[in-house]
Each structure stands twice: as C-alpha cells, then as structure tokens.
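Architecture and fold: a report
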Amino acid sequence: MALARERHGDSSDEDASPSAKRAKASDARYDARGYVPGALMRVTMHNFMTHKHATFEPGPRLNVVLGPNGTGKSAFVCAVCVGLGGSPKLLGRAGSLGDFVKRGEESAYTEITLRGRDAAKPIIIRRDFNNRAGGASTWKLNGETVKHERIQQEMKALHMQLDNLCSFLPQDRVVAFSMLNPQELLLETEKAIGNAEMYEQHEKLKKMKDGILDLERSVDQKTMRLDKLGRDNEKLERDVERLQTREKLLDQAKDMSTKIPWLLYDRCAVERQQIMAAYKAAKEKVQQAKLEHAEKLKEYHELETPYNAMVDKIKEGRDNYKDTKSTLSKMDAKFNKLAGKHDALTRSLKKARDEANSAKKKLQKREDTIALLKAQLNDVPEVPRDIDQQRAELRTRTQAVHNEVRGTDEALRKAQLEKRPLDDEFQRLKRQHNALESVREQKIMRLSQHRNFGRIKEADDWVQKNKPTFHGEVLGPLIAEIEVTNPTHATYIEQHLGPAVLATYLVTDRRDERSVNDAMKNFRINVWTPKNNTQHVPGVVSQELRDAGVVNTLDNVFKAKSIVKRALSETHQITKVHVGGNTLDSATIERLFRQKISSHIYCPKGVYRANRSRYDPNAFSMGQNSIRQGQLFGRQTDENLTEVKNKLAEVQRKLVAVNEKVSELQKLHNAKQGQLTELQREKNNLNRLQQQPETRKRMIQTQIAQHTDLMAQDKAAADIANIERKTAAEKASISKERVMCASELCDVVLSSHEASISLTLKVLQSVEKQVQMTKLQEALQGIEDRVINTKAKRDDLKARFQAETERAAALKRDALAVTGDLTEEINKKFEQWPITIEELEFDISRLQEQADAILCHNPAVLDEFNKRKAEMATLTKTLASEKAELAVEHAAITSVKNEWLPKLRKIVAKISDDFSRNFANIGCAGQISLAGDGSREHDGFGDDFASYALEIRVKFRPNEDMHLLDAHRQSGGERSVTTMLYMIALQASTSAPFRVVDEINQGMDARNERKVFKRMVEAASAPGTPQCFVITPKLLTQLEYSEDCTVMCIFNGPHVHEMAKKWREMQAAFDCVRAR
C-alpha cells in the first residue's frame, strides 16, 4: 500500500555534525538492486535553505514529495542539483551558492548517496560550502576529497543530465520548458535519450555543416560568377570575332611594317653612294675652275693699263662739257624768263579788257536799279493821324485786364496753398490706413518707430525691389516672418529676441549674402546666413516638466518657416527656452534648475534664468526679471482704424471742394490770359502800322546811295585805253632783250656741241676697252662663283655623306631593334612583300583601312573578354578544387547523418507512440513528429541540421484539429498535462537515472491531474524504469497508487521533532515486522 511506504523527511532542530558517521548501504530501506545506476538512494541536507538537518530516502521508482507551500519541498530539488555539481543558475532561484545556506548559519553541506554501477558499492558525494566568498565549497567522493571536475566526470559516466529540462525540471523552470521552441526541444530530448550519443552526433553534424558553410557559399558564389561570366562572354563573342579579325589585320600590317626600316636603310645606303660619287665630281670641278681663273686674270691685267689712261682723258673732256652745259643752261633760263614776262603782259591785257566789258554791264544795271528804287520811294504810304489815340485806348484796356489777371492769380495761389496741406494730410492718412489694415506693414511701421531702425521701411523696399535678382529667398525682417496669436507669447518672444534680431534679414543662398550685406550696411540692419539647410527639430516638453507646470517650448508658441526657427534655435536656443503656465512658481523653477531639467523659463510671474558656474557645474544662481510690455507685435484697435477712416473721409470732402474752386479759378485765369494775348496782338499791329512807312523810306534811300557809290568804281574799271598803251610799251622792251639773248644762246650751243662730240669719241674708245675688261671680269667672277659654289656643294656633299653614314647606322640599329638579325625566315617573308617603301606603305595602309572598316563601339571589349576568360579559367580550377573538397565533406556529413537520422526517427516514432497512447488514455490526442529543414531534397531532411525540430501536436477537444503546442493557443493546465505525458513517454528511452518534476500539476484541473497521475504510476511500475520525483504541495484524494510508489511528506513547526521521533519508532517497528 502507498501509506505503508511513506517516508518522512526529518526537519528536526538537532544538530548533526559534518563528521558524523556516513550511512552505509545496508542502512537503506530498499534493496539497492531495485535502483538503476545513478538513482538517488539517500539525500541529506544540513543548514540548507529552510532545513536545519533533514534526510530523504526515496524509492527506486515513483517518488511523490508532498508538503504545504514554504515547508521546503523545492529545497530537496535544490539539494539534489547543488549536491551533484549542478550550477545554481539551473534552478532559477539564486545567483550564488552562498544563498542556499540557512539564514543565521555560516556553512552547510549536502550528502547524496547514489546507486553505483555495482549495487554493492554505492557512491556517496558530499559538498560543504559557506555563505562567504561567494559560497566556496569542498567536495568528497566516498570520503575522499576531490575536485569539482572529478564529480562532473562521475556524473557524466552515470548519464546525469541536470541541465536538461526533459530530465530535471525545477519549480522555477517549468515555464522555461513550456517556452522551449521545437529546435530546443529536440536537443533536450536527444540529451535525455540513450547516453546522449544522438545529441553528440547532432552537434557534430551542425559543426560539420557550419564548417562548410563558407565553402558552400564560396562554391555557390563562384558557380554563379562563372555562369555570369560565361553568359557575358557569349554576348561578346561576335564582337570578339570581329575584333580578333581586326587585330589579325593590324598584326599583319604591323608585321609588314617591320620591313620598312630595312627598306629605309637600303635606300639610305644607295643615297650614300650617290653622294660619294657627286662629292668626287665636285672636287674635280674645283681644280679645273682654278686653272681657268688664272688664265683669265692674266688677260685682264693686259687691258687694264691703256684703259686707265683713256679714263683720265674722258674725265677732262667731261669737265669742259659740264662748264659749257652750265653756261647754256643760264642763257636758256634768261630767254625763258623774258618769254614768260611777254606772255604775262598778254594775259594781263586780256583780263583788263574782260573786266572793262563786265564793268560796263554792271554800270547799266546799277542805273536801272537806282531808277526803280526812286520809283518805290514815291509809292511809300503815309502814317494814320489818330494812331496815338488808338495806342492810349489800347493801354487803358490792357491795364484793366492786367489788374483782373493779378486778382485771379492771387486767388488761385491762395486756393493752391489751401489744397497743398490737404493733399499731404490725405496721403498721410491713406498710408496710415493701409498700414493699419496690413499686419506686415503694421509690424514694420512699429519697428520703424524704434530709434535704431527708422530706415527699416527703406530696407524692406530695397529687398522687395531686388527680389527677382536673388538666387534664393531673402526673408525678413524676422518680425514679419513670425506669426503669434497669443499676446503673452508675443511679449515673451519680443523680450527674448529683442528689436535687433526682429529687424534682421535671413539669406537662404550664400550667393546673395554679399549683395544683401552691402545694402543692409547702409540701413544698419543685420543679415544672417544659416550654416546648413537641415529641418528645424521642435523642442519637446517632458512629462516631468509638464507635471511641474511647463506647457511648451518657445519655438512652439509661434508659427514661422522652418529655416527661421532653425536660425533662431542656433542663435537664441529657443528650443531650450520653456514657457510656463500660471501654476508655475519660483520654488518649482528653482528645483527644475537644480535638477538641470531646464535653464530658462518664461511665465506670467516673470522670466527666470539659471546662471551656472563654469568651474562647478552644480553651482548656479537663479536670476529673475519682470515681463516687459511688448510693443512690436501689438495691433491697432478698431477704434483707431475707424478714426483714421473718418479723418480720411473729411479730408477727402474738403479736398474735393478745394479742387472745384481751383478748377474754376484756373478757367478764369486762362480766359484773362487769352484777353491779354489778344490786346498784345492789337498793340503789335499799331506799332507795325506806325513804323513801317518811315523804315521803308530810310531803307530805299540807303540802297540808292550805295548803288551811286558803286557806279563811280564801275566807270573807272570800264576805261581800257590807258591799260593798252602801257602794256604795248612793256612788250616792245621785252622783245628787244629776247633777240639779244637768242644770239648769245646760239654761240653757246655751238661750243657745247663741239665739246660733246670730242667727249663722245673718247668715251667710245674707252667703251671698247671697258667691254673687253667687263667680259673678263664677268668671266673671272663666274669662275670664282663657280669655284665657291662647287666648294660649297663639295662641302655639303661631304657633310651629307657623313650624315647619311650616321643615318644609315641609326636606321640599321632601328631595323635590328625591330626584327633582330635578318634570318632566312625573315628574308623569305620580306621577299613576299613589295620591294619599295611606297608600295609597302600602300599595302599596310590597305590592311589598316580593312581593320578600321571593322567597327567596334567598345574597343575594350577584347580586353574585357580575355579578362573574363582568364577569370573563368581561374574560377574553374578553384571551383573544381573546392567542389572536390566539398564532396569529401558532404560524404562525411552523409555518413554521420545516415547513422544518426534513422536512429533518431526510430526513437521519435517510439516516443510518439507512447505519447499518443498516453493522450488516448486521458481522452485526448497527441503526436510527436520529427521536422527537417524543409528542403526540397532528401524529403525535407536536408543538411540544415540547426533547423531540425521536434514538434508536439495535441488536441484536447473533439471539435478541433491537432495543433502545435504553443504558449498562446493552449492553456497553462493543458501545457502541464502535455509536459508530464511527454516526460512519461520519454521515460522508456531516457538514459538519465532519475527525473525531477516540481509542481507540474498546479495548473491541471482535477480530471486531468487524476488521469496524468494514473499514467505516471503505470509508467513507474514498468521494469527498468528510471527513478522519478514529482514535487507537489497537494494531491487529490482517492488516487490509484502501486507498490512502486513512495510518498515523502514534509512538515515544519515547533512539534515536528516529537512527531518525527515517534514516526521513526513506528517505521522501525514496521521494518522489523516486514523483515520477519
């Protein structure tokens, strides 16, 4: 019976010395052969958590640990974990070992007896630790002090899996098990089954797969790269073929061009020989010319002496002829002078006769003119007698009209003086009216009333006028760009920024900065240019500031363009200036300043600023100023606007009346001016009527006198007889002198002729000698020139020969540099090509033209093709090597996988069968399935081993399908049931010697708890089943137990010691009876 096997955990207050005698294997209540190796046979705790000293002796199968909450049930689980070398973090309770020492104690220990591989040799592990220095501990194995590593080796040999939630599930990690994803559940299950070989193979496969990921990635990348290169080169093949043809033609042309240096060398050698022959011929010609020159020079000297004597005689004859010629010239000049005088007298007489005829005609004409003027003088009319009376009457009328005009002018002047102030007042009121109706103009008008910005209107007019010339937008003045509706906020802004900032203009394009700056200097207005074009980030009021009474930041209480706000934020920190409400007081503000939450606040009570020390950031002084009444953002009242309108209407009415008066006076003035003009015209007519007869008579008389005087001059000019007599006498004297001069001239001409004949004979005689000498001179000069030219040609040929020699050597070097020594093969190629440079160049040009005819839009395509081809060759070689290496690795992975996967599938199938059967027994459905990586190859079980998962599907209601176990779909109780049934199903396959489940039944209802407990009892009764611990604060009544169940109850309190003592006595009696 279950009650007969109950065992109580001792929680007495008696001290048990750590050096007390260890329990023997024979002290155990159960036969050691009933336990599996590694199962818990005894657990002793001293000063551990809530227990002073307690000993547990669990049974070999199912152990149910019962006790109210707080009595120390989970302490048993903690003792097992800590005592067998598990980390405290596995429990989810404490971070260090010292936390498990009972409060008020300095040290503790656990002692756990395990069933050894030999039933007669149990394993006893003791761990002593304290609550100092992080809970330092010592280990003993069967009484021998060992290191922690030795304990871990022993636990591994016994297949202990304290870190596996499928085997060891403490109370504080139940939730962690339900939160395991399918991949983690598979790993925990692999750890639990067998000797963890499946887990080790799985980890090995993952490591092998991770080890080749880079290689697989490299193979895939190289394969794709190789395919891409192949496709790209296929597209270029046609262009490449054309390029190769072109390159072949160019190579052929280049190959043919190698013959050109040798042809040039051959041509140079021939020219060198020709120059040498010409040099020798020139040298021979020079010798011959020298001999010929000596002969001619001898003949020249034989003619030179007689010729020089003839030259002296010719010089003497020329001097005589020159003197005769000079005398002849003088006589001829004298004769010509006399002839000129005679001709001048003849021309003068003819001119005098012509002038006398003209004077006679003028004289007759003047007589006729004088007679006509005398007749006109008699016809001049007389002046009216009453002309003075008419003038007097005209003056009287004119004076009267002048008086009227003066009166009209005075009245018009007074009316215009009266109109001028009305016009000025009308324009002033009109401007004031427009300004009151325009917000922008009103702001500028108010700003202009400031003593420093009286010319702000002129500055704004300049900006508006030059807007089309700007590259970007010019904003300003800033007061016109700011729109604020709250008068209080307007006062804050005006006080924070000040008039100078509000009058500033903002330039958005740096190209306009200089021109705007230059213009604004004249008006004493500031200009800003933002550093960048980023958007303005509005200030934010934290919840703490709102709770304190801050309602906003200064940049959020007005509207303006982002660039305006950003500029003001950069210069005046408007995003960090806070605006408070009526509830904000100075104490709160001081607290905000002290906490460095704010440093500048405006509120109705004043403006506050925190002035911090530059040496101590925590030291500050709070300054407070009153709020000054704003002037620049205020608006005119409607009463002011109405008053201006009324004044404007009154002035306009007066102006209309004055304009009508001025118009009437102007008409009257114009009429009087017309009368004055008419009177002036009548006056001019009377003046002309009086002055015209007298003026006419005086003018005619003057003309008659002038013509009479001119007639006397004309009469003198018409008398020609005296002039003719005087001219005849002068001509007779000149003729006599001419005759005498002609006689003398004849004598001189005769002498000159004789001297000329003598000189001519002498010159003719010398000319013959001179011609002979000239011919000899020309011959000598020709010979000398020929010698010089021949020498120059000879020297030139010599220089050319040397140059050609050097050029030939250079051409030969160039030719050798191109082809090297002429081999038989090269000579054969040269023989196939033309033998002249021109023909060879023609063939080369033809090949180049054929190559150029092959169009190629991308000349680098061949390089690109070859580069890809080389890369493909390299990639192919590397890819083959990597594929071979990858195949070896895949083969190794396949080998391990073929060994691991079938076993895993078989075990999972067995677990799934047990799990399904357990679920069917409680009226539900469940299934365990192994999920691969979902790849298309290998039926979904590819090589992504990290994606392999163990999926639990359950169905708790008949009207639903199976679903994956999920923390969101299933309830806590359903997850607890699933967890327990999964552990039961896993029991037959696990290699762990014991399993612990702490308070897993707390989320179950009574029906499910009863069914699950029944399955636990049935599973625990099977032979070879590992030890199982279920920790719970309560159990249902009328549960079905078996002989393989052990119930251990834990209690605490002041009388537990006595009850435990009596229980031990009763237990000893029962044992004796059972032993009999």
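Nothing here was measured: the structure is a model prediction, and the numbers come from that model. (Residues numbered from 1 in each chain as written. Predicted model: local features only at pLDDT ≥ 70, side-chain atom pairs only at ≥ 80, totals over all residues. Heavy atoms only, no water.)

1. Remarks on the overall build of the protein chain
Looking only at helices and strands, one finds 23 helices and 23 strands in the protein chain. Burial analysis of the protein chain (1076 residues in total) assigns 40% to the buried set. For the protein chain, contacts bridging at least 24 residues in sequence account for 74% of all contacts bridging at least 6. Element-wise, carbon and sulfur atoms account for 50% of the exposed surface of the protein chain, whose accessible area totals about 62200 Å². (Helix = DSSP H or I, 4+ residues; strand = E, 2+ residues; numbered from the N terminus. Buried < 20%, exposed > 50% of the residue type's maximum accessible area, 1.4 Å probe, protein only. Contact = heavy atoms within 4.5 Å. Areas by Shrake-Rupley, 256 points an atom, 1.4 Å probe, with all protein chains shown as cover.)

2. Looking at the pairing of strand β15 (residues 600–603)
Moving residue by residue along a regular strand, the side chains alternate between the two faces of the sheet. Neither face of β15 is left uncovered, since the one carrying His600 and Tyr602 and the one carrying Ile601 and Cys603 both have all their residues buried. Taken together, strand β14 (residues 578–580), helix α15 (residues 586–594) and β15 form a β-α-β motif whose crossover is right-handed. The pairing of β15 with strand β16 (residues 606–612) spans 4 bridges and is classified as antiparallel. Its bridge partner lying in β16, Cys603 is registered against Gly606. What sits between the antiparallel neighbours β15 and β16 is a turn of 2 residues. (Right-handed = clockwise from strand over helix to strand, strands pointing away. Pairing = 2+ DSSP bridges.)

3. Here we look at the environment of Asp913
Tracing the backbone shows Asp913 in helix α20 (residues 861–921). Along the sequence, Asp913 and Gln927 sit 14 residues apart, while their C-alpha atoms lie 7.6 Å from each other.

4. Here's the deal with the nonpolar core
Core analysis: the biggest nonpolar cluster contains 62 residues, and Leu62, Trp900, Phe915, Phe919, Ile928, Leu981 and Tyr982 have the highest contact counts within it. Sorting elements by how many residues they give to this core places α20 first, with 12 residues. Excluding residues that lie within four positions of it along the chain, Leu981 makes contacts with Phe915, Asn918, Phe919, Ile922, Val1012 and Arg1015. In this structure, Val474, Val501, Val516 and Ile525 belong to the second largest nonpolar core, which totals 43 residues. (Core = buried A, V, L, I, M, F, W, Y, C linked by side-chain atoms within 4.5 Å.)

5. A closer look at helix α9 (residues 456–465)
Listed in full, the buried residues belonging to α9 are Ile456, Ala459, Asp460 and Val463. An end-on view of α9 places all buried positions within 95 degrees of arc, on one side of the element. The elements touched by buried residues of α9 are α8 (439–448), β10 (474–475), β11 (505–507) and α12 (513–523). (Arc of directions from axis to C-beta.)

6. Focus on the environment of Ile151
Looking at the element boundaries, Ile151 is found in helix α2 (residues 148–157). Of the residues examined, Ile151 reaches a relative accessible area of 0% and is grouped as buried. Along the backbone, Ile151 and Leu141 are 10 residues apart, and their C-alpha atoms lie at a distance of 7.5 Å. Discounting chain neighbours no more than four positions away, the residues touching Ile151 are Leu84, Ile125, Trp139, Leu141 and Val146.

7. A look at the packing of α8 against α9
Taken N-terminus to C-terminus, the directions of α8 and α9 make an angle of 140 degrees; their axes are 8 Å apart at the nearest point. Classed by the angle they form, the pair α8 and α9 counts as oblique. Contacts between α8 and α9 involve Arg440, Glu441, Ile444, Leu447 and Ser448 on the former and, on the latter, Ile456, Lys457, Asp460 and Gln464. Looking at side-chain class alone, the contact of α8 with α9 contains 3 nonpolar, 2 polar and 4 charged residues. (Axes fitted to C-alpha atoms, helices over the stretch in contact; angles between N-to-C directions. Parallel < 35°, antiparallel > 145°, perpendicular 65-115°, else oblique. Nonpolar A, V, L, I, M, F, W, Y, C, P; charged D, E, K, R; others polar.)

8. Examining the pattern of salt bridges
Enumeration according to the criterion identifies 32 salt bridges in this entry. Residue Glu216 is joined to Lys209 by a salt bridge in which the shortest nitrogen-to-oxygen separation is 2.8 Å. Owing to a relative accessible area of 13%, Glu216 belongs among the buried residues under this scheme. Taking the relative accessible area as the measure of exposure, Lys209 reaches 13% and is therefore buried. Ionic contacts of the salt-bridge type, sharing partners, join the residues Arg117, Arg150 and Glu154 into one network. (Salt bridge = Lys/Arg side-chain N within 4 Å of Asp/Glu carboxyl O.)

9. Here we look at the side chain of Lys443
Positionally, Lys443 belongs in helix α8. The charged side chain of Lys443 is buried without a salt bridge, its nearest counter-charge being Glu483 at 7.3 Å. For Lys443, the side chain forms a polar contact with the main-chain oxygen of Ile482, separated by 2.6 Å. (Lys, Arg positive; Asp, Glu negative; His and termini not counted. Polar contact = N/O pair within 3.5 Å; in protein donor to acceptor, adjacent residues only side chain to side chain.)

10. A closer look at a nonpolar patch on the surface
On the surface, a nonpolar cluster with roughly 290 Å² of combined accessible area is contributed by Ile757, Leu761 and Leu764. As for its position among the elements, Ile757 is in helix α17 (residues 721–819). By relative accessible area, Ile757 is classed as partly exposed at 41%. (Patch = residues over 30% accessible without salt bridge, like charges linked within 9 Å, V, L, I, M, F, W, Y side chains within 5 Å.)

11. Things to note about the sheet that holds β11
Spatial strand order, β10-β11-β12: 3 strands in an open sheet with mixed pairing. Each of the sheet's edge strands pairs with one partner strand only, and the pair in question is β10 and β12 (527–528). The pairing of β11 with β12 spans 2 bridges and is classified as parallel. Residue pairing in the sheet places Tyr505 in a bridge with Val527 of β12.

12. Some words on the sheet that holds strand β20 (residues 963–964)
Here 3 strands make up an open sheet; going across it, the order is β18-β19-β20 and the pairing antiparallel. The two strands at the open ends of the sheet, each matched to only one other strand, are β18 (925–931) and β20. Here 2 bridges tie strand β19 (residues 949–955) to β20, and the two strands are oriented antiparallel to one another. When the sheet's bridge partners are listed, Val954 is paired in β20 with His963. The sheet strands contacting helix α4 (residues 182–192) are β18 and β19, and the helix crosses β19 at an angle near 105 degrees.

13. A few points about the packing of aromatic side chains
In the structure shown here, the tally under the stated rule is 14 aromatic pairs. Considering the side-chain rings of Phe941 and Tyr948, the 5.7 Å spacing of their centres and the 65 degrees angle between planes classify their relative orientation as edge-to-face. Taken together, the ring pairs connect Phe56, Phe76, Phe994 and Phe1029 into an aromatic cluster. Above the ring of Phe941, the side-chain terminus of Arg905 is found at 4.3 Å from the ring centroid. (Phe/Tyr/Trp six-rings, centres within 6.5 Å; stacked < 30°, edge-to-face > 60°. Lys NZ or Arg CZ within 6 Å of the ring centre and 35° of its normal.)

14. Re the side chain of Glu216
Examined against the element boundaries, Glu216 turns out to sit in helix α5 (residues 197–256). In this view, Glu216 contacts Lys209, Leu886 and His890; residues no more than four positions away in its chain are not counted.

15. What about unusual backbone geometry?
In this structure, the amide linkage connecting Gly476 to the following residue, Pro477, adopts the cis form with an omega of -10 degrees. With phi around 55 degrees, Met49 is a residue other than glycine that occupies positive phi space. Take Met49: it is sitting in the loop between β2 (40–48) and β3 (51–56). Given a relative accessible area of 21%, Met49 falls into the partly exposed group. In this structure, His159 takes a positive phi of about 65 degrees despite not being glycine.

16. Points about the confidence of the model for the protein chain
Across the protein chain, pLDDT averages 79, with 89% of residues at or above 70. Every residue in residues 1–26 scores below 50 in pLDDT, and together they form 59 contacts with partners more than four places removed in sequence or on other chains. (pLDDT = per-residue confidence, 0-100.)

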